[in-house]
Amino acid sequence: CNELKHYEQVIDDLLAHGIEPVVTLHHFTNPEWFEQSGGWMRSDAVQIFARFVKFVLPSLLALVPVCSFPFRFLTFCFGKHTIFMAIWQEIACLV
């Protein structure tokens, strides 16, 4: 995947210059492909986003130890006991 290779190179470049990046898979905006498919309003949004995380996380965690997930955003928008918990259950085993 070219996009993933691009970010792996960005991380390598930052590390080479003594900068430890933090990988953020969601920061108040959705990935374009996710938004165009309906975003968090889709009934299968949790599964789709979790599949995305499961795809990119292993490569990125091999380079940097810290990742940020959309929990704060999801809790704010949907409450603690709905999508937030479902996503945590889907991807908690990855970190």
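All figures in this text were calculated on a predicted structure; none of them were measured in a lab. (Residues numbered from 1 in each chain as written. Predicted model: local features only at pLDDT ≥ 70, side-chain atom pairs only at ≥ 80, totals over all residues. Heavy atoms only, no water.)

**Describing the packing of helix H1 (residues 2–16) against helix H3 (residues 45–61)**
Describing two packed helices takes the angle between their axes plus the distance from one axis to the other.
Then comes step 1: At a minimum axis separation of 10 Å, H1 and H3 run at an interaxial angle of 25°. Between H1 and H3, the crossing angle belongs to the class labelled roughly parallel. Seen from above, H1 lies across H3 with right-handed handedness. The segment H1 lies against H3, with Leu4, Glu8 and Ile11 engaging Phe55, Val56, Ser59 and Leu60.
Then comes step 2: Partitioned by chemical class, the residues of the contact of H1 with H3 number five nonpolar, one polar and one charged. (Axes fitted to C-alpha atoms, helices over the stretch in contact; angles between N-to-C directions. Helix = DSSP H or I, 4+ residues; strand = E, 2+ residues; numbered from the N terminus. Parallel < 35°, antiparallel > 145°, perpendicular 65-115°, else oblique. Left-handed = near helix turned anticlockwise from the far one by under 90°. Contact = heavy atoms within 4.5 Å. Nonpolar A, V, L, I, M, F, W, Y, C, P; charged D, E, K, R; others polar.)

**Comments concerning the nonpolar core**
Then comes step 1: If you look at the biggest cluster of nonpolar residues, it comprises 15 residues, and the most contacted ones within it are Leu25 and Leu60.
Then comes step 2: Of all elements in the fold, only H1 and H3 reach the threshold of two or more residues within this core.
Then comes step 3: Counting residues per element, this core draws most heavily on H3, at eight residues. (Core = buried A, V, L, I, M, F, W, Y, C linked by side-chain atoms within 4.5 Å. Buried < 20%, exposed > 50% of the residue type's maximum accessible area, 1.4 Å probe, protein only.)

**Here we look at H1**
Then comes step 1: Its 15 residues give H1 an end-to-end C-alpha distance of 21 Å, which sits within 8% of 21 Å, the value for a rise of 1.5 Å per residue.
Then comes step 2: Among the structural elements, strand E1 (23–24) and H3 are those in contact with the buried residues of H1.
Then comes step 3: Phi turns positive, to about 80°, at Gly18, one or two residues after H1. (Expected span 1.5 Å × (residues − 1).)

**Here's the deal with the packing of aromatic side chains**
Then comes step 1: Applying the stated criterion across every chain yields a total of six aromatic pairs.
Then comes step 2: Both rings, one in Phe34 and one in Trp40, keep their centres 4.8 Å apart while their planes meet at 70°; by these two values the pair is edge-to-face. We note that Phe34, like Trp40, is buried. (Phe/Tyr/Trp six-rings, centres within 6.5 Å; stacked < 30°, edge-to-face > 60°.)

**A look at the pattern of salt bridges**
It is possible for side chains bearing opposite charge to pair when their charged atoms get close.
Then comes step 1: Tallied over the full model, the rule gives one salt bridge.
Then comes step 2: Of the charged contacts in the structure, one is a salt bridge between Arg42 and Asp44, with a shortest N-O distance of 2.7 Å.
Then comes step 3: The exposure class assigned to Arg42 is partly exposed, which follows from its relative accessible area of 29%.
Then comes step 4: Overall, the relative accessible area of 28% leaves Asp44 in the partly exposed class. (Salt bridge = Lys/Arg side-chain N within 4 Å of Asp/Glu carboxyl O.)

**Section: the confidence of the model for the protein**
Then comes step 1: On average, residues of the protein score 76 in pLDDT, and 65% of them are at 70 or above.
Then comes step 2: Mean pLDDT across the elements of the protein bottoms out in helix H4 (residues 71–78) (54) and peaks in helix H2 (residues 32–36) (91). (pLDDT = per-residue confidence, 0-100.)

**Side note on the environment of Ser59**
Then comes step 1: With respect to the element layout, Ser59 can be found in helix H3.
Then comes step 2: Each C-alpha atom, one on Ser59 and one on Glu8, is 7.8 Å from the other, the two residues being 51 residues apart in sequence.
Then comes step 3: If we ignore the near neighbours within four places in the chain, the residues touching Ser59 are Leu4 and Glu8.

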